Amino acid sequence: AQSVAQPEDQVNVAEGNPLTVKCTYSVSGNPYLFWYVQYPNRGLQFLLKYITGDNLVKGSYGFEAEFNKSQTSFHLKKPSALVSDSALYFCAVRDLRRNRDDKIIFGKGTRLHILP
Amino acid sequence: DSGVTQTPKHLITATGQRVTLRCSPRSGDLSVYWYQQSLDQGLQFLIQYYNGEERAKGNILERFSAQQFPDLHSELNLSSLELGDSALYFCASSEPGTSGTEQFFGPGTRLTVL
């Protein structure tokens, strides 16, 4: 069964510092991996995805994520955090072997606080 | 703006009642997904429809049902409501035919059961 874990409920980072939000996954086959962000009282917004190819994926708002197959991880990163990055971040995975449906499994979310 | 619309934005009702949440996907998207987000359970996948047919089922209670109509809008019906059904309900849609496509989320319907 596919699953995704975000080991940190909350991450605090000072503004201007690099940030990392961790995600690990488990699938039977090869994964499709996604990061979404949710601002207060809003729906989820797509940030970036890994399908195939380069392990370093660049996305919206200066975010990037690194796919590591051996560690089954897909950590979200940003070189310099902004206060406006404070939000709830979700990692998600889809198992390529599931041909019949497009079900994506979401992690529980990590709340990112950027401290001014 | 994702292009996915949901109505109503807020819904307050009593236990035992029935409500209907509505979702219109982005133009051209054939898949519609429903999710429930609560503080203790996180984001839970409920059900997926593709071009009018049920495609995948998640943790959807028997008291809940959904359908997708020929114009591709979808409705989520919640009946015999309980206090624990209070949550944010999101609809998402995605493009047809591409396995790796991302989902686009609507703004959500906040359901409060009193």
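Conventions adopted
Residues numbered from 1 in each chain as written. Chains lettered and ligands numbered in written order. Predicted model: local features only at pLDDT ≥ 70, side-chain atom pairs only at ≥ 80, totals over all residues. Heavy atoms only, no water. Helix = DSSP H or I, 4+ residues; strand = E, 2+ residues; numbered from the N terminus. Rg over C-alpha atoms; globule rule 2.2 N^0.38 Å. Buried < 20%, exposed > 50% of the residue type's maximum accessible area, 1.4 Å probe, protein only. Contact = heavy atoms within 4.5 Å. Areas by Shrake-Rupley, 256 points an atom, 1.4 Å probe, with all protein chains shown as cover. Lys, Arg positive; Asp, Glu negative; His and termini not counted. Charge placed at Lys NZ, Arg CZ, Asp CG, Glu CD. Buried area = accessible area lost by both parts, 1.4 Å probe. Salt bridge = Lys/Arg side-chain N within 4 Å of Asp/Glu carboxyl O. Polar contact = N/O pair within 3.5 Å; in protein donor to acceptor, adjacent residues only side chain to side chain. Pairing = 2+ DSSP bridges. Axes fitted to C-alpha atoms, helices over the stretch in contact; angles between N-to-C directions. Phe/Tyr/Trp six-rings, centres within 6.5 Å; stacked < 30°, edge-to-face > 60°. Lys NZ or Arg CZ within 6 Å of the ring centre and 35° of its normal. Disulfide = S-S within 2.5 Å. Core = buried A, V, L, I, M, F, W, Y, C linked by side-chain atoms within 4.5 Å.

As for the overall build of chain A
Step number 1: Broken down by element type, chain A carries 0 helices and 12 strands.
Step number 2: Each helix and strand of chain A, placed in order from N terminus to C terminus, yields the pattern β-β-β-β-β-β-β-β-β-β-β-β.
Step number 3: Whereas a compact globule of 116 residues would reach a radius of gyration of roughly 13 Å, chain A reaches 14 Å, a difference of no more than 12%.
Step number 4: Within chain A, the proportion of its 116 residues that are buried is 48%.
Step number 5: In chain A, the proportion of contacts linking residues at least 24 apart, taken out of those at least 6 apart, comes to 57%.
Step number 6: Carbon and sulfur atoms provide 47% of the accessible area of chain A, an area that totals close to 5,600 Å².
Step number 7: On chain A, the mean spot of the 14 positive side-chain charges and the mean spot of the 10 negative ones are 6 Å from each other.

Quick notes on the overall build of chain B
Step number 1: Within chain B one finds 0 helices and 11 strands.
Step number 2: Starting at the N terminus, the α and β elements of chain B follow one another as β-β-β-β-β-β-β-β-β-β-β.
Step number 3: Against the compact-globule benchmark of 13 Å for 114 residues, chain B has a radius of gyration of 13 Å, which places it among compact chains.
Step number 4: Along the first, second and third principal axes, the C-alpha atoms of chain B reach 40 × 30 × 25 Å.
Step number 5: Across chain B, contacts joining residues at least 24 apart in sequence account for 54% of those joining residues at least 6 apart.
Step number 6: If you sum the accessible surface of chain B, you get close to 5,300 Å²; carbon and sulfur atoms cover 47% of it.

What to know about the interface of chain B and chain A
Step number 1: Chain B puts 22 residues into the contact, and the matching count from chain A is 21 residues.
Step number 2: Between chain B and chain A, a total of about 1,800 Å² is buried, with carbon and sulfur atoms accounting for 50% of that surface.
Step number 3: For the pair chain B and chain A, the number of links is 1 salt bridge.
Step number 4: In this structure, the salt-bridge partner of K49 of chain A is E102 of chain B, at a minimum N-O distance of 2.8 Å.
Step number 5: In this structure, the connection of chain B to chain A is made through 3 residue pairs in polar contact (both at pLDDT 80 or more).

Description of the sheet that holds strand β1 (residues 5–7) of chain B
Residues and elements named next belong to chain B.
Step number 1: Strand order in the open sheet formed by 4 strands is β1-β3-β8-β7, and the pairing between neighbours is antiparallel. The open sheet has two free edges, formed respectively by β1 and β7 (64–68), since each of these has just one partner strand. On average, each strand axis in the sheet is inclined to that of its neighbour by 15°, with strand direction left out of account.

Overview of the packing of aromatic side chains
Here the distance between the centres and the angle between the planes together describe a pair of aromatic rings.
Step number 1: Applying the stated criterion to the full structure yields 15 aromatic pairs over all chains.
Step number 2: Taking the centre distance of 6.2 Å and the plane angle of 25° together, the rings of Y25 of chain A and F67 of chain A count as stacked. Here F67 of chain A lies in strand β8 (residues 64–68) and Y25 of chain A lies in strand β4 (residues 24–26), a separation of 42 residues in the sequence.
Step number 3: Classification of Y25 of chain A by relative accessible area gives buried; the value is 8%.
Step number 4: Stacked on the ring of F63 of chain A, the Lys or Arg K78 of chain A has its end atom at 5.0 Å from the ring centre.
Step number 5: One residue, R55 of chain B, lies across the ring of Y50 of chain B, its end atom 4.3 Å from the ring centre.

Quick notes on the state of the cysteines
Step number 1: Enumeration over the complete set of coordinates arrives at 2 disulfides over all chains.
Step number 2: Across a sulfur-sulfur distance of 1.9 Å, C23 of chain A and C91 of chain A are joined as a disulfide pair. With the S-S bond torsion at -65°, the cross-link from C23 of chain A to C91 of chain A turns out left-handed. Here C23 of chain A, found in the loop between β3 (19–21) and β4, pairs with C91 of chain A, found in strand β10 (residues 87–95); they are 68 residues apart in sequence, far enough to count as distant. In terms of burial, C23 of chain A and C91 of chain A fall into one category: buried.
Step number 3: At a sulfur-sulfur separation of 1.7 Å, the disulfide partner of C23 of chain B is C91 of chain B. Between C23 of chain B and C91 of chain B the disulfide shows an S-S torsion of about -45°. By sign, it is left-handed. Residue C23 of chain B is found in strand β3 (residues 19–24), and its partner C91 of chain B is found in strand β9 (residues 87–94); the two are separated by 68 residues along the sequence.

Focus: the nonpolar core
Step number 1: Judged by nonpolar contacts, the single largest core of 28 residues is most densely connected at L19, W35, L47, L48, F74, L76 and Y89 of chain A.
Step number 2: Top contributing element to this core by residue count: β10 of chain A, with 4 residues.
Step number 3: When neighbours within four sequence positions are excluded, L47 of chain A is seen to be in contact with W35, Y36, V37, G59, S60, Y61, F63, L76 and Y89 of chain A.
Step number 4: By size, the runner-up hydrophobic cluster in this structure holds 20 residues, among which are W34, I47, Y49 and I60 of chain B.

Any functional reading would require information beyond the geometric quantities listed.
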